[in-house]
Amino acid sequence: MNLKDTIRSIEDFPEKGIIFRDITTLLKNPEALRQAVDEIEDSLKNVDYDVIVAPESRGFIFGMPLAYNEKKGFVPIRKKGKLPAETVSMEYALEYGTATIEIHTDALQKGQKVVIVDDLLATGGTAKAMIDLVESLGAEVSALCFLIELEDLHGRDALKGYNVKTLLKY
């Protein structure tokens, strides 16, 4: 199955000139969802890693089943104020303003090898902030894996030197 055929494109959302790639149509299709998780898993066959790290909320959708299938731990990255124990934070730029993400200070151990999983690589700002969080705890990023890459936004430029894998490119 061509996974692109299961993703709805919505023009002029959230603003005029933007084409929003809506994965909810992929998620409700059991075969497409299974294929997407399987393809992410296959893309990591030759990557040495200990744990999956993913941001809320859409990163959880792909990161959790991957961690389960691979018998790896799962570490969530959440929006500021959502984690109950001591955290380390990273602020990053958005199109309009900034956002802050956090990870528990005891979530990763020094030297652990991490794969970061998310649904979308756009400008690379969120991904770079996640890398910075992981590395601030002494862990190493083995790879980043995304369902979708929006190539025109040049997100890979922010991730130079890292092993970046994407399933679908627009």
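Here, every reference points to the structure presented above.
First, a word on what this report is: a plain description of the structure on this page. This structure is a prediction, so every number in the text was calculated from the model and none was measured.

The next thing to look at is the sheet that holds strand β8 (residues 140-149). Spatially, the seven strands line up as an open sheet ordered β5-β6-β4-β3-β7-β8-β9, and their pairing is mixed. Two strands bound the open sheet, and with one partner strand each, they are β5 (87-94) and β9 (164-169). Looking at each pair of strands side by side, their axes are set apart by 20 degrees on average, direction ignored. Summarising the sheet, β5 and strand β6 (residues 97-104) pair through eight bridges and their orientation is antiparallel. Looking at β6, one finds that tyrosine 92 is bridged to alanine 99. In this fold helix α2 (residues 30-43) packs onto β8 and β9, with an angle of close to 145 degrees to the strand it touches most, β9. Across the sheet, helix α4 (residues 125-136) is in contact with β3 (51-55), β4 (73-79), β5, β6, β7 (113-121) and β8; its angle to β5 comes to roughly 160 degrees.

Residue position: valine 134 is located in helix α4. In this structure valine 134 comes out as buried when scored by relative accessible area, which is 0%. Apart from residues lying up to four places away in sequence, valine 134 is in contact with Val53, Leu108, Val114, Ile116, Ala139, Glu140 and Val141.

So, how was this worked out
Residues numbered from 1 in each chain as written. Predicted model: local features only at pLDDT ≥ 70, side-chain atom pairs only at ≥ 80, totals over all residues. Heavy atoms only, no water. Pairing = 2+ DSSP bridges. Helix = DSSP H or I, 4+ residues; strand = E, 2+ residues; numbered from the N terminus. Axes fitted to C-alpha atoms, helices over the stretch in contact; angles between N-to-C directions. Contact = heavy atoms within 4.5 Å. Buried < 20%, exposed > 50% of the residue type's maximum accessible area, 1.4 Å probe, protein only.

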